[in-house]
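One-letter residues, chain by chain:
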Amino acid sequence: MALNFEPSWLEVLHDEFDKPYMQKLREFLKQEQASGQTTYPKNAEIFNAFWKTPFKDLKVVIIGQDPYHGPNQAHGLSFSVQKGIIPPPSLKNIYKELATDIPGFTTPNHGDLTEWAEQGVLLLNATLTVSAGNPASHQKKGWEEFTDMVIKTISERKEGIVFILWGAFAQAKAELIDQKKHFIIRSPHPSPFSADRGFFGSKPFSKTNAILVKEGKKPIDWQIH
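Residues numbered from 1 in each chain as written. Predicted model: local features only at pLDDT ≥ 70, side-chain atom pairs only at ≥ 80, totals over all residues. Heavy atoms only, no water.

Caption draft 1: Just the overall build of the protein, in detail. On a plain count of helices and strands, the protein comes out with eight helices and six strands. N-terminal to C-terminal, the α/β element order of the protein is α-α-β-α-β-α-α-β-β-α-β-α-β-α. Residue burial in the protein is summarised as follows: out of 225 residues, 56% are buried. At a minimum sequence separation of 6, the contacts of the protein that also span at least 24 residues come to 68%. On the protein, roughly 10,400 Å² of surface is accessible, and the fraction owed to carbon and sulfur atoms is 51%. For the protein, the centre of its 26 positive side-chain charges and the centre of its 25 negative side-chain charges are spaced 3 Å apart. (Helix = DSSP H or I, 4+ residues; strand = E, 2+ residues; numbered from the N terminus. Buried < 20%, exposed > 50% of the residue type's maximum accessible area, 1.4 Å probe, protein only. Contact = heavy atoms within 4.5 Å. Areas by Shrake-Rupley, 256 points an atom, 1.4 Å probe, with all protein chains shown as cover. Lys, Arg positive; Asp, Glu negative; His and termini not counted. Charge placed at Lys NZ, Arg CZ, Asp CG, Glu CD.)

Written as structure tokens, this is what we have:
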């Protein structure tokens, strides 16, 4: 498990990596892989979100639950898949909402959201690894303790961050966020099971940009090229 973090993250999170839960998590991943189990994303990309979005540049946090569990999908950014992979249903629905929310948005032919990450959008899954073909298989192994600490650290050390919380799982993380200092945008999850119940029409992307502009920050260019 390579600690591929941009240096400004290491400054604020360095104490976490020697804690017992993180050592157990490393051992769990080693054992999974030593037994022949394929895990996603590949080790070098587990912390991709923390490499692509430096702590010092952070503006927005989008919280997901688990990495995708199919071949060549997950690459360490929530909701994102690698180029060449058909966007999954939730991401297709995100693109549908963008097309009605952001004037001129055109649906890209891939699902790689790295361009968002590079503009300060932390695409954070609560669990950062998964076993191939076995969704939720790495939940309650220690990742949630780490990612909850990430959310708390952002809440304590930053100001004016926009947290986009889709669905009940992400919305439960609101208790970790100081809502006097930060902004929360809530809606149902973009999954096909819930998108029609309030995700479509919720306009999270234009709302986020309106907040950023009001805070004196550059808005996000949501168009994926």
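Caption draft 2: Quick look at the layout of surface pockets. Within this model, the largest pocket holds a volume of roughly 540 Å³. In this structure, the largest pocket is lined by 25 residues; those nearest its centre are Q65, D66, Y68, S90 and H189. Contributions of two or more residues to the lining of the largest pocket are made by β2 (60-64), α4 (89-101) and α7 (167-171). No other element matches the three residues that α7 contributes to the lining of the largest pocket. (1 Å grid on protein atoms, 1.4 Å probe; cavity = no way out; pocket = protein on both sides within 12 Å on 5 of 7 lines; lining within 4 Å. Points joined across faces, edges and corners; volume = space filled by probe spheres on them.)

Caption draft 3: Up close: α4. The end-to-end C-alpha separation of α4 is 18 Å, in line with the 18 Å expected for 13 residues at 1.5 Å each. For α4, the full list of buried residues reads S90, L91, N93, I94, Y95, E97, L98 and D101. The inward-facing, buried residues of α4 abut α5 (114-117), β5 (162-166) and α8 (204-214). (Expected span 1.5 Å × (residues − 1).)

Caption draft 4: Structural view of the nonpolar core. Residues W9, F50, W116, F146 and I154 are the most contacted members of the largest nonpolar core, which totals 64 residues. Those residues in contact with I154 that lie beyond four places of it in its chain are W9, F55, L58, V61, L122, I161, F163 and H182. (Core = buried A, V, L, I, M, F, W, Y, C linked by side-chain atoms within 4.5 Å.)

Caption draft 5: Representation of the sheet that holds strand β6 (residues 183-187) in the model. Reading across from one edge, β3-β2-β5-β6 is the order of the four strands in this open sheet, with parallel pairing throughout. At either end of the open sheet lies a strand with only one pairing partner, and these are β3 (121-125) and β6. On average, each strand axis in the sheet is inclined to that of its neighbour by 20 degrees, with strand direction left out of account. By the bridge criterion, five bridges tie β5 to β6 in an arrangement that is parallel. Across the sheet, F163 pairs through a bridge with I184, a residue of β6. α8 contacts β2, β5 and β6 of the sheet and is inclined by roughly 165 degrees relative to β5. (Pairing = 2+ DSSP bridges. Axes fitted to C-alpha atoms, helices over the stretch in contact; angles between N-to-C directions.)

Caption draft 6: How the structure looks around empty space enclosed by the protein. Inspection of every chain in the model, using the stated rule, returns one cavity of 30 Å³ or more. Contributing to the lining of the largest cavity are 13 residues, with P67, A74, G76, L77 and N125 lying nearest its centre. Taken together, the residues that form the lining of the largest cavity break down as seven nonpolar, five polar and one charged. (Nonpolar A, V, L, I, M, F, W, Y, C, P; charged D, E, K, R; others polar.)

Caption draft 7: Spotlight on the pattern of salt bridges. Per the counting criterion, the structure on display carries three salt bridges. Where E16 meets K19, a salt bridge forms, and the shortest distance between an N and an O atom there is 2.7 Å. Here K56 and D57 are joined by a salt bridge, their closest N and O atoms 3.4 Å apart. Its relative accessible area of 53% is what places K56 among the exposed residues. (Salt bridge = Lys/Arg side-chain N within 4 Å of Asp/Glu carboxyl O.)

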